[in-house]
Amino acid sequence: MNRFLQNRYAMTPEGARDLNKSIWWTVLQFLSFMLPIMVCTFFTRDVLRVFSGKAQNLSWSIWAYVGISLVILTLIYIINYIQYGSTYTRIYDESAKTRIRLAETLRQLPLSLGKRTSPTFPAPSWRMRGPQPW
Amino acid sequence: MTQQAKGSPKKAKQPALLKRFVPFMGEKRFFLFLSLLLSSLHALLGMLPFLMVWLLVRQLLQTLGQVQLEGLTKYAWLAFAAQVLAILCYFAALLFSHLAGFRVEVALQKKGMERIINKPLGFFDTNLSGRMRKIINDSAGSTHSFLAHQLPDMAATVITPLSVLLLIALVDWRLGIALLIPILMGFITMGGMMTTAGKAFQDQYLNALEAMSSESVEYVRGIPVVKTFGQSVFSFKRFYNLILNYKEMVYAYTITWRHPMSAYTMIMQAGGLFLVVASLLTWEGSDSAGILLSNFILFLMLAPLFSTTMMKSMYLYQNKMIAGQVLDRMEGLLDYPDMSRGKQTQIDDTSLAFQYVTFTYPGSDTPAVSSVSFRINPGETIALVGASGSGKTTLARLAARFWDVDSGQVLVGGVNVKNIAKETLMDNVSFVFQTTRLMKMSLRDNITFGTTNATEEAIQRAVDLSQSREIIYSLPQGLDTIIGSRGTYLSGGEQQRIALARSILKDAPIVLLDEATAFADPENEHLIRKALKALSQGKTTLMIAHRLNSVVDADQILVMDKGRIVEKGSHEQLLQKQGMYADMWAEYQTTIDWKVSSSKKEVSA
């Protein structure tokens, strides 16, 4: 996975590793967003059971709902905190490294690139004045 | 005080952002209002499906066990129709906002370019091309993005929350409060983003990006030097440091948002949980379960709509801030003081004179030239020599009115340059700089650039006198070859000779030569020297040269040091004085001897 990310997005090994981590934390983050929906669905079903006469009272007390809500919120906070760190802060490290690497790559290109000659069409002034093969 | 300092009055309060775009819209300004109107309709229609679903659920629960589809389908159809209409309105709003965005983008770029072209020449010395490109492109890009994508959301950010509040009041205020609490908490948490600190960071962020962009252009330009001396990007310290500074600044700012952002995301996901707890608090037993459930479902649907709209308003605010700032930057860039326009179209003769001229560059405390006076009579050649930074180039540029002098005056043909019409000044003055830039057009167009109605004979003469014939012969389509296309590039010396052909064809009576052979190889230097001789023949010439052998024939040589003329006279007179010029000449001779002896050693080896 790391190798794939490194090649696909031209990243450093650390960058690919960080991206891999942040992908997994983002998956977890979105899964954690499902938890409040699950509580709401459970509550709706519970009220419907009472409304349709299948049950006399709700399954959980208000305190049980409050308790479970607090646990879910704490979990969401922790997952978001880690996900934020792994995504937003690492990206600036990687982009700085990419900029420096790009500058170095540019420096290593031949001086003639984009200047006097082009590999597909040498400059006529050079072509005509150089030693002629015929 | 410099003219830039003089020309920076305190900024007046800017009008609302949308109003600032209106002048760029021309006759199509109604696109903006049409887009706002359609997006308002979209927001209103977008509320109807929620209302219909609520009514449907309510009726369904009331008629549990005896469901009548006829009564329920009308709600479904109404919800469907409202949603289709809302989508159509949104598409139309987007269409008009995009048309407005493109119009403003093009108008901004055109206006920027028009104003840049009319700026004094000194403007281009103080503003790096990379910075100008970035500011103009960013202004156009950001304003387009803001208008095209955020404008339709603008109406929704007002209408949707108001409609939700109305529903809250009508349906169940207790559940409404439960819906609003997390949203309010979220906004309090993120409130810091809207403060001046957030705005200051945006400013810092744009500055850092701009500096990095300018420096990257300089870096690419300087690559040949970096390579030649075997250096790396780490030796290009400024660029390297700017990359690191940018990273550290954004990193530090991002870290400060780690807790608030996590809290905000948590609260925004907690809407449903708040509603569950509020519903339980209002639970009055199984009899009220149907109404409670239908209201709960309505508010559960509204919660994400409300928070998404509020989130959009936050992004809208942020993008509005960015669009406003880039617009400020463009206006700031173009806020360079314009020079007074001279009206005189006639000059007495072709002399050039400096009278007690003092000039300080913008932002500098030390004058570049101090109380300099000399005169070049028609047809005379005067050479300026001196160390780098002694003020030679500044004097040549003041003659062409790159800037206005702080005190004293520059006279062309006996008339102060400030009073001469720009066209007249440019018709009478030709300049050849150290580096020349040819435009991507045919050689013929490059040579005739600035000269109207040039005859073929005159062009051919200019080609011959500038020693450019050989260049023309070597190109497949001769004078009609387009420079810069299909790998057709000329060396620095060749470009200089073509630029000289342009000046020869222009035939201006006053010629300013600023180290025209500085970057030429020996072969080109010889040819350029011949071309320069042809160009300055019989003309009033101000010549700046670092290779002293090219100034020995000048009528007078002025030696400059720290912005002042310290010696003057002919070559022989100055040598006899045994002063600064004699020292410079001796050093120059040593350099030549060293070169010759080095070559001899290489040959013998």
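Residues numbered from 1 in each chain as written. Chains lettered and ligands numbered in written order. Predicted model: local features only at pLDDT ≥ 70, side-chain atom pairs only at ≥ 80, totals over all residues. Heavy atoms only, no water.

Caption draft 1: Region of interest: the overall build of chain B. Helix and strand counts for chain B come out as 21 helices and 10 strands. When the 605 residues of chain B are sorted by exposure, 49% land in the buried category. Per element, the accessible surface of chain B, about 29,600 Å² overall, is 59% carbon and sulfur. (Helix = DSSP H or I, 4+ residues; strand = E, 2+ residues; numbered from the N terminus. Buried < 20%, exposed > 50% of the residue type's maximum accessible area, 1.4 Å probe, protein only. Areas by Shrake-Rupley, 256 points an atom, 1.4 Å probe, with all protein chains shown as cover.)

Caption draft 2: Expanded view of the overall build of chain A. Within chain A one finds four helices and zero strands. Ordering the α and β elements of chain A from the N terminus gives α-α-α-α. Here chain A, with 134 residues, has 34% of them falling under the buried criterion. Accessible area of chain A: about 8,600 Å², with a carbon and sulfur share of 67%.

Caption draft 3: Up close: the sheet that holds strand S9 (residues 556-561) of chain B. Residues and elements named next belong to chain B. Sheet architecture is open: six strands sit in the order S6-S7-S8-S3-S9-S10, paired in mixed fashion. Each edge of the open sheet is held by one strand with a lone partner, namely strand S6 (429-432) and strand S10 (564-569). Within this sheet the neighbouring strands show an average axis-to-axis angle of 20°, counted without direction. Pairing geometry for strand S3 (residues 381-386) and S9, over five bridges, is parallel. Note on S9: the bridge partner recorded for Gly386 is Met560. (Pairing = 2+ DSSP bridges. Axes fitted to C-alpha atoms, helices over the stretch in contact; angles between N-to-C directions.)

Caption draft 4: Representation of the packing of aromatic side chains in the model. In total, this model carries 17 aromatic pairs over all chains according to the counting rule given. Between Phe42 of chain A and Trp60 of chain A the ring centres are 4.5 Å apart and the planes differ by 35°, which places this aromatic pair in the tilted class. A residue pair is termed long-range when its members are at least 10 positions apart, and Phe42 of chain A in helix H2 (residues 13-51) and Trp60 of chain A in the loop between H2 and helix H3 (62-108) qualify at 18 residues. The exposure class of Trp60 of chain A is partly exposed, given its relative accessible area of 33%. With 5.5 Å between their ring centres and 50° between their planes, Phe31 of chain B and Phe96 of chain B make a pair best called tilted. Here the residue Phe31 of chain B occupies a position in helix H3 (residues 30-62), and Phe96 of chain B occupies one in helix H4 (residues 69-117), the gap between them amounting to 65 residues. Above the ring of Tyr75 of chain B, the side-chain terminus of Lys74 of chain B is found at 5.2 Å from the ring centroid. (Phe/Tyr/Trp six-rings, centres within 6.5 Å; stacked < 30°, edge-to-face > 60°. Lys NZ or Arg CZ within 6 Å of the ring centre and 35° of its normal.)

Caption draft 5: Spatial organisation of the confidence of the model for chain A. Taken residue by residue, chain A gives an average pLDDT of 79. The fraction at 70 or more is 81%. Overall, residues 114-134 of chain A carries pLDDT values under 50, and its contacts beyond four positions in sequence, including any with other chains, amount to 31 contacts. (pLDDT = per-residue confidence, 0-100. Contact = heavy atoms within 4.5 Å.)

Caption draft 6: Geometry of the side chain of Thr254 of chain B. For Thr254 of chain B, the position within the fold is in helix H9 (residues 237-256). With relative accessibility at 8%, the residue Thr254 of chain B sits in the buried group. In contact with Thr254 of chain B, other than residues within four places in its own chain, are Tyr84, Tyr88, Thr89 and Tyr92 of chain A.

Caption draft 7: Representation of the pairing of strand S4 (residues 407-412) of chain B. All names here are of chain B. Here strand S1 (residues 352-359) runs beside S4; their pairing, made up of five bridges, is antiparallel. Its bridge partner lying in S4, Thr358 is registered against Ser407. When S4 meets strand S5 (residues 415-416), the two strands line up antiparallel, connected through two bridges. In the strand pairing of S5, Val412 is matched with Val415.

Caption draft 8: How the structure looks around the sheet that holds S1 of chain B. Residues and elements named next belong to chain B. Strand order in the open sheet formed by four strands is S2-S1-S4-S5, and the pairing between neighbours is antiparallel. Looking at strand neighbours, the two that pair on one side only are strand S2 (369-376) and S5, the edges of this open sheet. Set on the sheet, helix H13 (residues 392-399) makes contact with S1, S2 and S4; between it and S1 the angle comes to about 120°.

Caption draft 9: Just the pattern of salt bridges, in detail. Residues and elements named next belong to chain B. What the rule picks out here adds up to nine salt bridges over all chains. The partner of Asp172 in a salt bridge is Arg174, with the nearest N and O atoms 3.2 Å apart. Given a relative accessible area of 35%, Arg174 falls into the partly exposed group. A salt bridge links Arg401 to Asp404; its shortest N-O distance comes to 2.7 Å. Take Asp404: its relative accessible area is 12%, and that puts it in the buried class. Linked through salt bridges whose partners overlap, the residues forming this network are Arg444, Glu456 and Asp480. (Salt bridge = Lys/Arg side-chain N within 4 Å of Asp/Glu carboxyl O.)

Caption draft 10: The arrangement of the packing of helix H2 (residues 17-25) of chain B against H3 of chain B in detail. Residue and element names in this part refer to chain B. It is the contact of H2 with H3, at a shortest axis distance of 9 Å, that shows an interaxial angle of 130°. Between H2 and H3, the angle is such that the two are oblique. Across the interface between the two elements, Leu18, Val22 and Met25 of H2 pack against Phe31, Leu32 and Leu36 of H3. Residue classes in the contact of H2 with H3 are distributed as six nonpolar, no polar and no charged. (Parallel < 35°, antiparallel > 145°, perpendicular 65-115°, else oblique. Nonpolar A, V, L, I, M, F, W, Y, C, P; charged D, E, K, R; others polar.)

Caption draft 11: Seen up close, the environment of Ile528 of chain B. All names here are of chain B. Residue position: Ile528 is located in helix H19 (residues 522-536). For Ile528, a relative accessible area of 0% gives the class buried. The spacing of Ile528 and Ile498 is 30 residues in sequence and 9.8 Å in space, taken between C-alpha atoms.

Caption draft 12: Up close: a nonpolar patch on the surface. All names here are of chain A. Taken together, the side chains of Met1, Ile23, Trp24, Val27, Leu28 and Leu31 make up a nonpolar region of the molecular surface, amounting to roughly 590 Å² of accessible area. For Val27, the position within the fold is in helix H2. The exposure class of Val27 is partly exposed, given its relative accessible area of 39%. (Patch = residues over 30% accessible without salt bridge, like charges linked within 9 Å, V, L, I, M, F, W, Y side chains within 5 Å.)

Caption draft 13: View of unusual backbone geometry. Residues and elements named next belong to chain B. Unlike most non-glycine residues, Tyr356 shows phi in positive territory, near 50°. With respect to the secondary-structure elements, Tyr356 resides in strand S1. What makes Tyr356 exposed here is its relative accessible area of 59%. Positive phi is not limited to glycine here, since Asp507 has a value of about 55°.

Caption draft 14: Broad picture of the environment of Gly290 of chain B. You can see Gly290 of chain B is positioned in helix H12 (residues 289-333). Sequence-wise, Gly290 of chain B and Val57 of chain B are 233 residues apart; in three dimensions their C-alpha atoms are separated by 9.1 Å. The residues contacting Gly290 of chain B, other than those within four sequence positions of it, are Phe51 of chain A together with Leu61 of chain B.

Caption draft 15: Layout of helix H18 (residues 492-506) of chain B. Residue and element names in this part refer to chain B. Taking 1.5 Å of rise per residue, 15 residues should cover 21 Å, and H18 covers 21 Å from first to last C-alpha, within 8% of that figure. Counting buried positions over the 15 residues of H18 gives 12, a clear majority of the element. Two residues or fewer past H18, Asp507 is found with a positive phi of approximately 55°. (Expected span 1.5 Å × (residues − 1).)

Caption draft 16: Looking closely at the environment of Tyr75 of chain B. Residue and element names in this part refer to chain B. Tracing the backbone shows Tyr75 in helix H4. It is 7.1 Å that separates the C-alpha atoms of Tyr75 and Val53, two residues lying 22 residues apart in sequence. Within the local environment of Tyr75, its side chain forms a polar contact with the side chain of Gln59, the two groups lying 3.2 Å apart. (Polar contact = N/O pair within 3.5 Å; in protein donor to acceptor, adjacent residues only side chain to side chain.)

Caption draft 17: Structural view of the side chain of Ser294 of chain B. Residues and elements named next belong to chain B. Along the polypeptide, Ser294 turns up in helix H12. From its side chain, Ser294 meets the backbone oxygen of Ile291 in a polar contact 2.9 Å long. When residues no more than four places from it in sequence are discounted, the contact partners of Ser294 are Trp54, Val57, Arg58 and Leu61.

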